[in-house]
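# Structure at a glance
Next come the chains, spelled out residue by residue.
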Amino acid sequence: MNIISAQYIISSPSVDKCPPADKAEFAFIGRSNVGKSSLINMVTDRTKLAKTSASPGKTQMINHFLINSIVTKNVSQKWYLVDLPGYGYAKVAQRQRKRWTKMIEEYIRLRKNLINLFVLIDVRHKPQAIDLEFVNQLGEWQIPFTVVFTKADKTTQREAASCVKAFMDKLDEQWEEMPSYFITSAIKGRGRKELIGLIESLLQQTSTMFSK
Ligand code: GTP
Ligand code: MG
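A brief look at the structure comes next. Since the model is a prediction, treat every value here as computed from it, not as a measurement.

### Quick look at the overall build of the protein
Assigned secondary structure in the protein consists of five helices and seven strands. Reading the protein from its N end, one meets helices and strands in the order β-β-α-β-β-α-β-α-β-α-β-α. What you see for the protein is a C-alpha radius of gyration of 16 Å, in line with the 17 Å of a compact globule of 212 residues. Counting only C-alpha atoms, the protein reaches 45 × 40 × 35 Å along its principal axes. The buried share of the protein, reckoned over its 212 residues, is 50%. Across the protein, contacts joining residues at least 24 apart in sequence account for 75% of those joining residues at least 6 apart.

Laid out in structure tokens, this is it:
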């Protein structure tokens, strides 16, 4: 799949303010600072499309990016990539955190054109309760998702493999069927091909759902 263009469309404070749900949509979610915005830039191969920051809590709304890509046989297809605020950031006021939680939950549960959610997990850490709870919640809501381990360049292959295994083992305790996962580095471009490949095949599978 070849991405012809990628442009920022709008930042929405709630799901009902989002653009019309008339195109396939993929969203990135995960704890604050895990690398959601960086991964959107990596996937689209644009360094400054989504705003990134070294300090957590940068992305505060539901951000839509319109992507135009050639999927098959020179046929172009438009779809949305969505950058969401992080969950579980301790340093924002409780009221703000509650507002973000509600925003994220309503977006995930009500957005009709959401094809797949990418749940980002920092590959350097042992399984965190907040991530496991989030993923298990997605199961209850029956939201299709893929786990994306981030920042692989910041650790050794061996440590990354051990953290991935620990996380997937935890999921195995709760899930009958295991979700698929990727290991990525936004800095090195690792995992880009796999991520784009999945998006491409999901776009093909769902193309009849969207007439435009
Ligand atoms: P919020 O919007 O605040 O929730 O954060 P986010 O999840 O969008 O994270 P963001 O992409 O802003 O990245 C946070 C920090 O991690 C930035 O300093 C990035 O440069 C850094 N970062 C993100 N991905 C990678 C990666 O793959 N490797 C390395 N080394 N650093 C990364
Ligand atoms: Mg962000």
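### Re the environment of L198
Within the secondary structure layout, L198 lies in helix α5 (residues 192-206). Sequence separation between L198 and E176 is 22 residues, and the spatial gap between their C-alpha atoms is 22 Å. Filtering out sequence-adjacent residues up to four positions away, L198 remains in contact with N116, F118, T146 and F182.

### A word on the packing of helix α3 (residues 129-141) against helix α4 (residues 157-174)
The geometry of a pair of packed helices is captured by two quantities: the angle between their axes and the separation between those axes. The N-to-C vectors of α3 and α4 enclose an angle of 40°; their axes lie 11 Å apart at closest approach. Between α3 and α4, the angle is such that the two are oblique. At the point where α3 passes α4, the crossing takes the right-handed sense. On α4, the residues touching D131, L132, V135 and N136 of α3 are F167, K170, L171 and Q174. Residue composition of the contact of α3 with α4, by class: four nonpolar, two polar and two charged.

### Here we look at the coordination of the magnesium ion (ligand 2)
The magnesium ion (ligand 2) binds to the protein through S37 (OG) and T59 (OG1); the donor distances cover 2.0 to 2.2 Å. With S37 in helix α1 (residues 36-44) and T59 in the loop between α1 and β3 (62-72), this pair connects stretches of sequence that are 22 residues apart. Its relative accessible area of 8% is what places S37 among the buried residues. Residue T59 is classed as buried on the basis of its relative accessible area, which comes to 10%.

### A few points about the environment of A160
Tracing the chain through its elements places A160 in helix α4. With 15 residues separating them along the chain, A160 and F145 place their C-alpha atoms 21 Å apart. When residues no more than four places from it in sequence are discounted, the contact partners of A160 are V123 and T155.

### Side note on the nonpolar core
Grouped together as the largest cluster of nonpolar side chains are 36 residues, with contacts concentrated most on Y107, I108, L117, V119, F134, L138 and F167. Contact partners of F167, with chain neighbours within four places excluded, come to I121, P127, D131, L132, V135, V147 and F149. Ranked by size, the runner-up nonpolar core spans 28 residues in total, among them M42, W79, L120 and L202.

Calculation rules
- Residues numbered from 1 in each chain as written.
- Chains lettered and ligands numbered in written order.
- Predicted model: local features only at pLDDT ≥ 70, side-chain atom pairs only at ≥ 80, totals over all residues.
- Heavy atoms only, no water.
- Helix = DSSP H or I, 4+ residues; strand = E, 2+ residues; numbered from the N terminus.
- Rg over C-alpha atoms; globule rule 2.2 N^0.38 Å.
- Buried < 20%, exposed > 50% of the residue type's maximum accessible area, 1.4 Å probe, protein only.
- Contact = heavy atoms within 4.5 Å.
- Axes fitted to C-alpha atoms, helices over the stretch in contact; angles between N-to-C directions.
- Parallel < 35°, antiparallel > 145°, perpendicular 65-115°, else oblique.
- Left-handed = near helix turned anticlockwise from the far one by under 90°.
- Nonpolar A, V, L, I, M, F, W, Y, C, P; charged D, E, K, R; others polar.
- Donors = N, O, S within 2.8 Å, 3.2 Å for Na, K, Ca; no water.
- Core = buried A, V, L, I, M, F, W, Y, C linked by side-chain atoms within 4.5 Å.

In short, shape yes, function no, at least from these values alone.
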